[in-house]
Amino acid sequence: MEESIRKAVELIRASKHATAFTGAGISVESGIPTFRGDNGFWSRYDPMTLDIDYFKANPLKSWKVIKEIFYDYFEYSKPNEAHIALAELEDRGFIKQLITQNIDNLHQAAGSKKVVEFHGSSHKLVCLDCHKRIKPSETVLNNLPVKCDSCGGLLKPDFIFFGEDIPRQAFLDSMEAARKSDLMLVVGTSGEVVPASQIPLLAKQTGAKIIEINVQHTQYTEEITDLFLEGKASEILKKIVDGLNA
Ligand code: NAD
Ligand code: ZN
């Protein structure tokens, strides 16, 4: 076993309250691009689409792009080995809580149960007027902009847009999980999106060790990471699961 994987396995075995914090990088191998970077969504689409005021003023324009990005793309993506490995680590009691910045539902699809969705989820739509939530079926999405069948209000995906606050319960649950952590696996996140990026910092400040898994160094690597595992999330997490089995 590689030395770095052996160390990770040791840290996980020694932990009592390990958590995981994931970002867009963990879903790249499921075919979902990140927002930024050369192949990111923002190289093809205008981020204004996800600005709450722009959305309210231009619902049809926004919805056309939102449908393409979040429903045509996400609909066909499946969890990859990394999501599956984290679900297995939870199932075997090694991970107590998972906090994700992703909105793609792939952790739940892989079988993770204790998931906090810090930015909400694309798997529900919420009415801006009566706050009713519905599932985004194909029929619903064929009639843009999507309207509420109860009150006629505008429906938006139930994840946060630029200019909106973090869902309160998700925020509180994440902070609590960070404080409780004695080990945090930070996977596929650049640490550039505030306030989500504070979660590993809080965990570190309150005594957690940090294992970081990423294809490249990030904001965290020099500042708080105790063990950096360089590589694709799927490959590294699979090695960790194998290491725990050995
Ligand atoms: P980010 O785009 O800022 O950073 C992605 C990180 O993943 C980078 O550090 C990159 O080096 C790393 N990475 C890329 N491929 C990887 C791989 N195969 N294995 C491991 N690491 C890999 O993402 P972020 O920090 O999550 O912030 C972006 C924001 O955009 C988040 O708020 C997130 O909600 C949202 N977003 C979500 C999705 C999704 O739900 N899948 C997709 C795009 C953006
Ligand atoms: Zn309504």
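Residues numbered from 1 in each chain as written. Chains lettered and ligands numbered in written order. Predicted model: local features only at pLDDT ≥ 70, side-chain atom pairs only at ≥ 80, totals over all residues. Heavy atoms only, no water.

### What about unusual backbone geometry?
As a reminder of what qualifies: Under the scheme used here, helices are H or I runs from DSSP no shorter than 4 residues and strands are E runs no shorter than 2 residues, and both carry numbers assigned from the N terminus. Buried means the residue's accessible area, taken with a 1.4 Å probe over protein chains only, is under 20% of the maximum for its type, while exposed means over 50%, and partly exposed covers the values in between.
Of note, the bond from L144 into P145 is cis; its omega dihedral lies within 30 degrees of zero at -5 degrees. Position of P145 relative to the elements: it lies in the loop between α6 (138-141) and β6 (155-159). With an omega of 5 degrees, the peptide bond between V194 and P195 qualifies as cis. Considering the arrangement of structural elements, one finds P195 in the loop between β7 (183-187) and α8 (198-205). Positive phi is not limited to glycine here, since H131 has a value of about 65 degrees. Looking at the element boundaries, H131 is found in the loop between β4 (120-127) and β5 (133-134). In this structure H131 comes out as exposed when scored by relative accessible area, which is 52%.

### Brief notes about the layout of surface pockets
The condition that has to hold: With a 1 Å grid spanning the protein atoms alone, the term cavity applies to any set of points in which a 1.4 Å probe fits but cannot get out, the term pocket to an open set with protein on both sides within 12 Å along at least five of seven lines, and the term lining residue to any residue with an atom within 4 Å of a point. Grid points are joined across faces, edges and corners, and a volume is the space filled by probe spheres set on the points. Any residue outside Ala, Val, Leu, Ile, Met, Phe, Trp, Tyr, Cys, Pro, Asp, Glu, Lys and Arg is labelled polar, Gly included; the first ten of those are nonpolar and the last four are charged. Where each domain begins and ends is defined by an automated method or by a domain database.
Estimates place the volume of the second largest pocket at around 370 Å³. Every residue lining the second largest pocket is counted, 19 residues in all, and those nearest its centre are V126, R133, D158, I160 and P167. Contributing elements (two or more residues each) for the lining of the second largest pocket: β4, β6 and α7 (168-180). Broken down by element, the lining of the second largest pocket gets its largest block of residues, five residues, from β4. Grouping the constituent residues of the lining of the second largest pocket by class yields eight nonpolar, four polar and seven charged. Split by domain, the lining of the second largest pocket shows at least three residues from each of two domains, domain 1 (1-31 + 79-119 + 166-246) and domain 2 (33-76 + 122-159).

### Side note on the domain arrangement of the chain
Defined as follows: Pairs of residues are marked as contacts when any of their non-hydrogen atoms sit within 4.5 Å. By convention, the term buried area covers the 1.4 Å-probe accessible surface removed from two parts as they join, with the contributions of both added. The salt bridge definition used is simple: a Lys or Arg side-chain nitrogen within 4 Å of an Asp or Glu carboxyl oxygen.
Along its sequence, the chain is organised into domain 1 (1-31 + 79-119 + 166-246) and domain 2 (33-76 + 122-159). One C-alpha centre belongs to domain 1, the other to domain 2, and the line joining them spans 27 Å. Taken together, the contact between domain 1 and domain 2 spans eleven residues of the former and ten residues of the latter. Here domain 1 meets domain 2 over a buried area of about 760 Å², counting both sides, of which 58% is carbon and sulfur. The salt bridge partner of E192 is R36, with a shortest N-O separation of 2.8 Å.

### Quick look at the sheet that holds strand β3 (residues 115-117)
Each strand in a sheet pairs with another by means of backbone hydrogen bonds, the pair being arranged parallel or else antiparallel. Inclusion rule: Two strands pair under a simple rule: DSSP has to find at least two bridges between them. Helix axes use the C-alpha atoms of the stretch in contact, all axes being lines fitted to C-alpha atoms, and the angles between their N-to-C directions lie in the range 0 to 180 degrees.
Read from one edge of the open sheet, six strands run β3-β2-β1-β7-β8-β9, paired in parallel fashion. The open sheet terminates on both sides in strands that have one partner only, identified here as β3 and β9 (227-230). Neighbouring strand axes in the sheet, compared pairwise and without regard to direction, differ in orientation by 15 degrees on average. Strand direction decides the pairing type here: strand β1 (residues 18-22) and strand β2 (residues 95-100), joined by five bridges, are parallel. Opposite T19, over in β2, you have Q97 as the bridge partner.

### What to know about the side chain of N102
What counts, and what does not: As used in this structure description, the phrase polar contact means that two N or O atoms lie within 3.5 Å; if the pair is within protein, one of them must be able to donate a hydrogen and the other to accept it, and residues adjacent in sequence are counted only when both atoms belong to side chains.
Tracing the chain through its elements places N102 in the loop between β2 and α5 (106-110). Among the polar contacts made by the side chain of N102, one reaches the main-chain carbonyl oxygen of G23 at a distance of 3.0 Å. Aside from chain neighbours lying at most four places away, what touches N102 is T22, G23, A24, I26, S27 and G120.

### Overview of the coordination of the zinc ion (ligand 2)
Counted only if it meets this: With water omitted from the atoms examined, metal sites may look incomplete; donors here are N, O and S atoms no farther than 2.8 Å from the metal, or 3.2 Å in the case of Na, K and Ca.
Surrounding the zinc ion (ligand 2) are the protein donor atoms C127 (SG), C130 (SG), C148 (SG) and C151 (SG), which sit 2.3 to 2.4 Å from the metal. Taken in chain order, the donor set of the zinc ion (ligand 2) reads C-x2-C-x17-C-x2-C. Here C148 lies in the loop between α6 and β6 and C127 lies in strand β4, a separation of 21 residues in the sequence. Comparing C127 with C148, the two get one shared label, buried.

### Topic: the site of ligand 1
The line we're drawing: The rule for a residue being near a molecule or strand is that one of its heavy atoms must lie within 4 Å of it. Accessible surface area values rest on a Shrake-Rupley calculation with a 1.4 Å probe, where residue burial reflects the displayed protein chains alone.
Close contacts around ligand 1 come from 28 residues, with Q101, D104, T189, S190 and N214 the closest. Note that an oxygen atom of ligand 1 is positioned 2.8 Å from one of the side-chain N or O atoms of R36. One of the side-chain nitrogen or oxygen atoms of N214 is found 2.7 Å away from an oxygen atom of ligand 1. Relative to its free-state accessible area of 860 Å², ligand 1 is covered by the protein chains to the extent of 92%. Here the shell around ligand 1 is built from residues that sort into nine nonpolar, 15 polar and four charged.

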